[in-house]
Amino acid sequence: MSGTYDDSMIDVSSDSFWEVGNYKRTVRRVDDGHRLCGDLMNCLHERARIEKAYAQQLTEWGKRWRQLIEKGPQYGSLERAWSALCTEAEKVSELHMEVKAALMGEDYEKLKGWQRDSYHKQMIGGFKETKEAEDGFRKAQKPWAKKLKEVETMKKSYHSACKEEKLAASRETNSKLESNNNPDTQKKLQEKVEKCQQEVQKTKERYEKSIDELNKLTPPYMENMEQVFEQWQQFEDKRINFFKELLLEVKQHLDLSSNHRFQTVYHTLEDTISATDAEEDLKWFRSNHGPGMPMNWPQFENLDWSHPRSFKRRSIVDWSIDINRTLSRREKKKPSEGVMLTGINQTGSDQPAKTGSSLTVPSQTAPVGSNPFEDDDDEEEEEEIAVEQQTTVNHISVNKEEIQTASSVEKTPDWSDEDTSCNPFSTNGDGSGDGNPFEDEPTSPVVSVPVRALYDYEGQEQDELSFKAGEEFTKIGEEDDQGWCKGRLKGGQTGLYPANYVEDIQ
């Protein structure tokens, strides 16, 4: 019985739903609904990726142009208006990231959950809903399909009998037309015709009867098929309505024009651009880069000798460098001559010379073998050096004693190195001339703190360090009241530097 029914499924004579097997298009719609859920999820996923990529591009664009604007020559309210475009990009980027999150976190997950709840996979493959639809239509169509098969059989029998009856009648007619016909043959042909006519009548009655029976089964067949079809129409109706509801939510998420935050972004942008004031910008530029800028006009400045740091930085160091430079130039010409200045006395005084100062000055006596007819330029230079020395010494005040002249005395071997180090004109072994006997500042406590340079600094004096921003070295002295610290570079060089140019390394 089932084999006959399966054969009837294959024989589809038209495209009507009522034909046997044509309900399969309705059954296939269940599988199509599941596939459409997957397609819609892929659609939302791709749109979410586009939203994310657009948001990232907006952010990168805004960040890059904000830096260019800040570093560029634009200024004032117009700069703020231009920068407002970057702000708009950042805000819109945030909104598009929220769209992406809504598409994936709400719409995508909602659709995925509905698909999971509406379509149930079977162990052997396919979906439970597909099998239910198939079984429902098959059950509703089976009686009618069986009777239809019988009708087709009766139809074939009746048509075959009609053909036989027509063929027998044709033979009988031809036999009568022949001159040498045999009466027995003629009789047999006539009997054959009668028999075929009887068979035609019998098959016709069976065929008509099967048609009547099929017609009786048609109304219940149509009713049962309608019920099953409506059941799956409702299933499809749920899918369509769900898709409609979901797409409206997607539209709500995508439609930024209805988002009050999106509207606020462009209202703010419009207000910022409208606030551009050329007069205010020009006024600002005049005050900050034009004739309206304050100016520290040159004025008479009196050197403050009261502060020990100022005294060190502005007097002894400067003069020591100048004298050492002058003496070095002189020694290059006459390296063999010269005496060591180890003491300073007031002119006309019998007081012993104050120890602690050493200065090499050229001798007035020419060495043996020198040319007595030396150029006059050397004599003039000697006189200039003597005048510079005299002027320098006259400006130095030690223990409130005013020094008038400098005596040329040869250093005695009885003096200690300690005394020599107190000479403001002596060198520290490297010829730097940094020693200062008049330094009244207390000795800085010994510290060792790693620091990092915040800015480039080029030492203005020989006792100052030079470094680049980011360079690390060690602070070995606390900051004084003038804002200077002592430090040591990685190469071992020590010196002073501005304390606010570095930061401690944590």
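Just above sits the structure.
A.B. asks: Lay out the overall build of the protein with the relevant residues and their values.
C.D. replies: Each helix and strand in the protein was counted, giving 10 helices and nine strands. Taking all 506 residues of the protein together, 32% fall into the buried category. Residue pairs at least 24 apart in sequence account for 68% of intrachain contacts in the protein once pairs closer than 6 positions are excluded. For the protein, the accessible area works out to roughly 33,100 Å², and carbon and sulfur atoms hold 50% of it.

A.B. asks: So what's going on with the sheet that holds strand 8 (residues 494-498)? Residues and values would help.
C.D. replies: The five strands are arranged 8-7-6-5-9 in an open sheet whose pairing can be described as antiparallel. Two strands close off the open sheet at either side, each with one partner strand: strand 8 and strand 9 (502-504). Here the average twist between neighbouring strands, direction ignored, is 45°. Alignment of strand 6 (residues 472-477) against strand 7 (residues 484-488), held across three bridges, turns out to be antiparallel. Note on strand 7: the bridge partner recorded for Lys475 is Gly487.

A.B. asks: Requested: an account of the pattern of salt bridges, with residues and values cited.
C.D. replies: Tallied over the full model, the rule gives 16 salt bridges. Here Lys24 makes a salt bridge to Glu134, at a shortest N to O gap of 3.1 Å. You can see Lys24 sitting in helix 2 (residues 24-71) and its partner Glu134 sitting in helix 4 (residues 128-177), a full 110 residues away along the chain. For Lys24, a relative accessible area of 35% corresponds to the partly exposed category. Judged by its relative accessible area of 15%, Glu134 is buried. Salt-bridge contacts for Glu245 lead to Lys110; the nearest nitrogen and oxygen are separated by 3.3 Å.

A.B. asks: Residues and numbers for the packing of aromatic side chains, please.
C.D. replies: Scanning all chains against the criterion turns up 23 aromatic pairs. Joined through ring pairs, the aromatic side chains of Phe17, Trp18, Tyr23, Phe137, Trp144, Tyr221 and Phe229 make up one cluster. For the cation-ring pair, Arg239 lies above Phe243, with the distance from its terminal atom to the ring centre recorded as 4.9 Å.

A.B. asks: Lay out the side chain of Arg239 with the relevant residues and their values.
C.D. replies: Relative to the elements of secondary structure, Arg239 occurs in helix 5 (residues 183-254). Given the relative accessible area of 7%, Arg239 is considered buried. A polar side-chain atom of Arg239 sits 2.6 Å from a polar atom in the side chain of Glu236. Dropping the residues within four chain positions of it, Arg239 is found in contact with Gly33, Leu36, Trp114 and Tyr119.

A.B. asks: Explain helix 7 (residues 278-289) to me, using residue names and the numbers behind them.
C.D. replies: For helix 7, built from 12 residues, the straight-helix expectation of 16 Å at 1.5 Å per residue is met to within 8% by its first-to-last C-alpha distance of 16 Å. Regarding helix 7, its N-cap is Asp277, as a side-chain oxygen of that residue lies 3.0 Å from the backbone nitrogen of Glu279 further along.

A.B. asks: An account of the nonpolar core is needed here, citing residue identities and associated values.
C.D. replies: Judged by nonpolar contacts, the single largest core of 46 residues is most densely connected at Leu111, Tyr119, Phe137, Met225 and Trp232. Elements represented by at least two residues in this core include exactly helix 2, helix 3 (76-118), helix 4, helix 5 and helix 6 (260-274). The element that contributes the greatest number of residues to this core is helix 5, accounting for 12 residues. Beyond its immediate stretch of four places on either side in the chain, Trp232 contacts Thr26, Arg29, Val30, Glu129, Glu132, Ala133 and Phe137. If you look at the next biggest cluster of nonpolar residues, it comprises 13 residues, including Val451, Leu465, Leu496 and Ala499.

A.B. asks: Give me helix 2: which residues, what numbers.
C.D. replies: An α-helix turns once per 3.6 residues; consequently, residues spaced three or four apart project the same way. If you check helix 2, its first and last C-alpha atoms are 70 Å apart, about what 48 residues at 1.5 Å a residue would give, namely 70 Å. Bending of helix 2 peaks at approximately 25° at the position of Val30.

A.B. asks: An account of the pairing of strand 8 is requested, with residue identities and associated values reported.
C.D. replies: Across the five residues that make up strand 8, a large majority, four, are buried. Here strand 7 runs beside strand 8; their pairing, made up of five bridges, is antiparallel. Paired with Trp484 across the two strands is Pro498, which belongs to strand 8. Between strand 7 and strand 8, which pair antiparallel and follow one another directly, the connecting turn spans five residues, one of which, Gly492, has a positive phi of 100°.

A.B. asks: Just give me the short version of a nonpolar patch on the surface, but keep the residues and values in it.
C.D. replies: A cluster of nonpolar side chains, namely Trp61, Trp65, Leu68, Trp82, Leu85 and Ile273, defines an oily patch on the protein surface of about 540 Å² accessible area. Mapped by element, the contributors of at least two residues to the nonpolar patch are helix 2 and helix 3. Considering every element that reaches the nonpolar patch, the biggest residue donor is helix 2, with three residues. Tracing the sequence through the fold places Trp61 in helix 2.

A.B. asks: Outline the environment of Lys475, supporting the account with residue identities and numerical values.
C.D. replies: Within the secondary structure, Lys475 sits in strand 6. With 12 residues separating them in the primary sequence, Lys475 and Gly487 have C-alpha atoms 4.2 Å apart. Apart from the residues lying within four places of it in its own chain, the contact partners of Lys475 are Val447, Ser448, Val449, Val451, Cys485, Lys486, Gly487, Tyr497 and Asp504.

A.B. asks: Lay out the packing of helix 2 against helix 5 with the relevant residues and their values.
C.D. replies: For the pair helix 2 and helix 5, the least separation of the axes is 10 Å and the interaxial angle reads 5°. Considering their axes alone, helix 2 and helix 5 lie roughly parallel with respect to each other. Contacts from Thr26, Arg29, Val30, Gly33, Leu36, Cys37, Leu40, Leu44, Arg47 and Glu51 of helix 2 reach helix 5 at Phe229, Trp232, Gln233, Phe235, Glu236, Arg239, Phe243, Leu246, Leu247, Val250 and Leu254. A breakdown of the residues in the contact of helix 2 with helix 5 according to their chemical character gives 13 nonpolar, three polar and five charged.

A.B. asks: With reference to specific residues and values, describe the pairing of strand 5 (residues 449-453).
C.D. replies: The pairing of strand 5 with strand 6 spans four bridges and is classified as antiparallel. Residue pairing in the sheet places Val449 in a bridge with Lys475 of strand 6. Here three bridges tie strand 5 to strand 9, and the two strands are oriented antiparallel to one another. Counterpart to Val451 in the pairing with strand 9 is Asp504.

A.B. asks: So what's going on with the packing of helix 2 against helix 3? Which residues, and what values?
C.D. replies: Where helix 2 meets helix 3, the closest approach of the two axes is 8 Å, and the angle between their N-to-C directions is 165°. Classed by the angle they form, the pair helix 2 and helix 3 counts as roughly antiparallel. Crossing handedness for the pair helix 2 and helix 3: left-handed. Class assignment of the residues belonging to the contact of helix 2 with helix 3 gives a composition of 23 nonpolar, 11 polar and 10 charged.

The rules we used
- Residues numbered from 1 in each chain as written.
- Predicted model: local features only at pLDDT ≥ 70, side-chain atom pairs only at ≥ 80, totals over all residues.
- Heavy atoms only, no water.
- Helix = DSSP H or I, 4+ residues; strand = E, 2+ residues; numbered from the N terminus.
- Buried < 20%, exposed > 50% of the residue type's maximum accessible area, 1.4 Å probe, protein only.
- Contact = heavy atoms within 4.5 Å.
- Areas by Shrake-Rupley, 256 points an atom, 1.4 Å probe, with all protein chains shown as cover.
- Pairing = 2+ DSSP bridges.
- Axes fitted to C-alpha atoms, helices over the stretch in contact; angles between N-to-C directions.
- Salt bridge = Lys/Arg side-chain N within 4 Å of Asp/Glu carboxyl O.
- Phe/Tyr/Trp six-rings, centres within 6.5 Å; stacked < 30°, edge-to-face > 60°.
- Lys NZ or Arg CZ within 6 Å of the ring centre and 35° of its normal.
- Polar contact = N/O pair within 3.5 Å; in protein donor to acceptor, adjacent residues only side chain to side chain.
- Expected span 1.5 Å × (residues − 1).
- Core = buried A, V, L, I, M, F, W, Y, C linked by side-chain atoms within 4.5 Å.
- Bend = angle between axes of the 7 residues up to and from the residue.
- Patch = residues over 30% accessible without salt bridge, like charges linked within 9 Å, V, L, I, M, F, W, Y side chains within 5 Å.
- Parallel < 35°, antiparallel > 145°, perpendicular 65-115°, else oblique.
- Nonpolar A, V, L, I, M, F, W, Y, C, P; charged D, E, K, R; others polar.
- Left-handed = near helix turned anticlockwise from the far one by under 90°.

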